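Observations on the model geometry
Each chain, written out:
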Amino acid sequence: MSEFEVRKVGGRIGAEVVGVDLRELPANVFAEIHAALLEHKVLGFRGQELTDADQLAFAARFGPLTGAHPTVPSVEGQPQVLPVDSESGRANQWHTDVTFVQSPPKVSTLRSLVVPPHGGNTLIANTATAYRDLPEELRLFADRLWAVHTNDYDYVKPTDTGADPDKVAEHRRAFLSRTWKTAHPVVRVHPESEERNLFIGGFAQSIVGLSSREGRAILDIFQSYVTRPENVFRWAWAPGDLVLFDNRITQHYAPDDYGDLPRRLHRVTVAGDVPAGVDGRRSYRVEGDDAAHYTPAATAA
């Protein structure tokens, strides 16, 4: 009998896990949480009140950890913890974490430190149901396509509320201090569940073999299926929460709807494999190094 309860939140994605302390997880309970993650794609845990060390320890149970980010500085003294701070800019665009490198993260964890009393939610989309929603003709078309993902675009945009202009500029300089371009299959086969999903999002900026205009139009069509309301889970943060999501089969978005109120989270990510497409071919680098300074998975790429 399960020692905790998984409460499904959305019809297609998302569940809240009740009755666990993430600092004390027996192996059998962790195995059930891992299975629930594969089923629901994203799990929310209320009121955990974890430290950075606790978050790192929990994330590490899913595999080796990445650095905080390929270019953006980590939390001081914590090289594997990324500060997500509204003062440095607001990434209110749909994306999958760090897909511009050849081995993007497997799993992401977000922990709330300071959250606004309203707004500031996180939206997470199921890219597998999005793929299944495509008409058969579009699915067959998508199965053959490859997209180039890059960090060299305006990912974190300036905002008129809340952000410090100097910190935004500093963050952007750091983000673009090194450039990567990686070709990934538009349809990725999940390495554990074997589900097909639309592996695109904000870092996907072009389609291999097509003009920029044609590629953008096609990506926009596929993206419109990802962000259909029925495919999207919304988490309303409270201090001390942790959200865990499978970065191989989701996209996420943080709406900029909380004015000048502060919002601070910490992110820890687990190293992932090199994505594979329907035909078994794996992602390849177009520009930039193997990001070995960021992810231990680079040595296997």
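Residues numbered from 1 in each chain as written. Predicted model: local features only at pLDDT ≥ 70, side-chain atom pairs only at ≥ 80, totals over all residues. Heavy atoms only, no water.

1. Quick word on the environment of Gly44
Inspection of the secondary structure assignment puts Gly44 in strand β3 (residues 42–45). Residue Gly44 is classed as buried on the basis of its relative accessible area of 0%. Counting along the chain gives 27 residues from Gly44 to Val17, while the straight-line C-alpha distance between them is 6.1 Å. In contact with Gly44, not counting residues within four places along its chain, are Ala15, Glu16, Val17, Trp235, Leu242 and Val243. (Helix = DSSP H or I, 4+ residues; strand = E, 2+ residues; numbered from the N terminus. Buried < 20%, exposed > 50% of the residue type's maximum accessible area, 1.4 Å probe, protein only. Contact = heavy atoms within 4.5 Å.)

2. A word on the packing of aromatic side chains
Following the criterion strictly, the structure yields eight aromatic pairs and no others. Their ring planes at 75° and their centres at 5.1 Å tell us that Phe100 and Phe203 sit as a pair that is edge-to-face. Taken together, the residues span a long stretch of sequence, with Phe100 in the loop between β4 (82–85) and β5 (107–114) and Phe203 in the loop between β10 (196–198) and β11 (204–207) at a distance of 103 residues. Accessibility expressed as a relative area gives 1% for Phe100, which makes it buried. By relative accessible area, which is 2% here, Phe203 ends up buried. (Phe/Tyr/Trp six-rings, centres within 6.5 Å; stacked < 30°, edge-to-face > 60°.)

3. Considering the nonpolar core
Side chains that are nonpolar tend, in soluble globular proteins, to be buried together. Ranked by size, the top nonpolar core spans 26 residues in total, and within it Leu22, Ile33, Leu43, Phe45 and Leu244 carry the most contacts. When contributions to this core are tallied by element, the ones reaching two or more residues are β2 (15–18), α1 (27–40), β3, α2 (52–60), β13 (242–246) and β15 (264–270). A per-element tally of this core places α1 first, with five residues. When neighbours within four sequence positions are excluded, Leu244 is seen to be in contact with Ile33, Leu37, Lys41, Val42, Leu43, Phe45, Phe58, Phe62, Val107, Ser108 and Thr109. (Core = buried A, V, L, I, M, F, W, Y, C linked by side-chain atoms within 4.5 Å.)

4. Focus: the side chain of Gln55
Inspection of the secondary structure assignment puts Gln55 in helix α2. The residues touching Gln55, leaving out its near neighbours within four places in the chain, are Leu50, Thr109, Leu110, Arg111, Leu242, His266, Arg267 and Val268.

5. Topic: the sheet that holds strand β7 (residues 146–150)
Within the open sheet, the four strands sit side by side as β11-β7-β8-β16. Their pairing is antiparallel. Here the strands that pair on one side only, and so sit at the sheet edges, are β11 and β16 (284–287). Direction aside, neighbouring strands of the sheet carry axes that sit 35° apart on average. Along the sheet, helix α6 (residues 212–226) contacts β7 and β11; its crossing angle with β11, the most-contacted strand, is approximately 120°. (Pairing = 2+ DSSP bridges. Axes fitted to C-alpha atoms, helices over the stretch in contact; angles between N-to-C directions.)

6. Description of α6
Under the 1.5 Å per step criterion, the end-to-end length of α6 is 21 Å for 15 residues, consistent within 8% with the ideal 21 Å. Buried within α6 we find Gly215, Ile218, Leu219, Phe222, Gln223, Tyr225 and Val226. Each buried residue of α6 sits inside an arc of 145° when the element is viewed along its axis, so together they form one side. (Expected span 1.5 Å × (residues − 1). Arc of directions from axis to C-beta.)

7. A word on the sheet that holds β3
The strand order β1-β2-β3-β13-β5-β15-β4 describes an open sheet built from seven strands, whose pairing is mixed. With one partner strand each, in any of the chains shown, β1 (5–8) and β4 form the two edges of the open sheet. Neighbour to neighbour, the strand axes of the sheet diverge by 25° on average, direction disregarded. Of the strand pairs in this sheet, β1 and β2 are connected by four bridges, and their pairing is antiparallel.

8. Brief notes about the layout of surface pockets
A probe as big as a water molecule, rolled over the atoms, marks out the empty space that is left. Estimates place the volume of the second largest pocket at around 160 Å³. As for the second largest pocket, its lining consists of Gln93, Trp94, Tyr153, Ile200, Gly201, Gly202, Ala204, Gln205, Arg216, Leu219, Asp220 and Gln223. Elements represented by at least two residues in the lining of the second largest pocket include exactly β11 and α6. In terms of residues, the lining of the second largest pocket owes the most to one element, α6, which gives four residues. For the lining of the second largest pocket, the per-class residue count stands at five nonpolar, five polar and two charged. (1 Å grid on protein atoms, 1.4 Å probe; cavity = no way out; pocket = protein on both sides within 12 Å on 5 of 7 lines; lining within 4 Å. Points joined across faces, edges and corners; volume = space filled by probe spheres on them. Nonpolar A, V, L, I, M, F, W, Y, C, P; charged D, E, K, R; others polar.)

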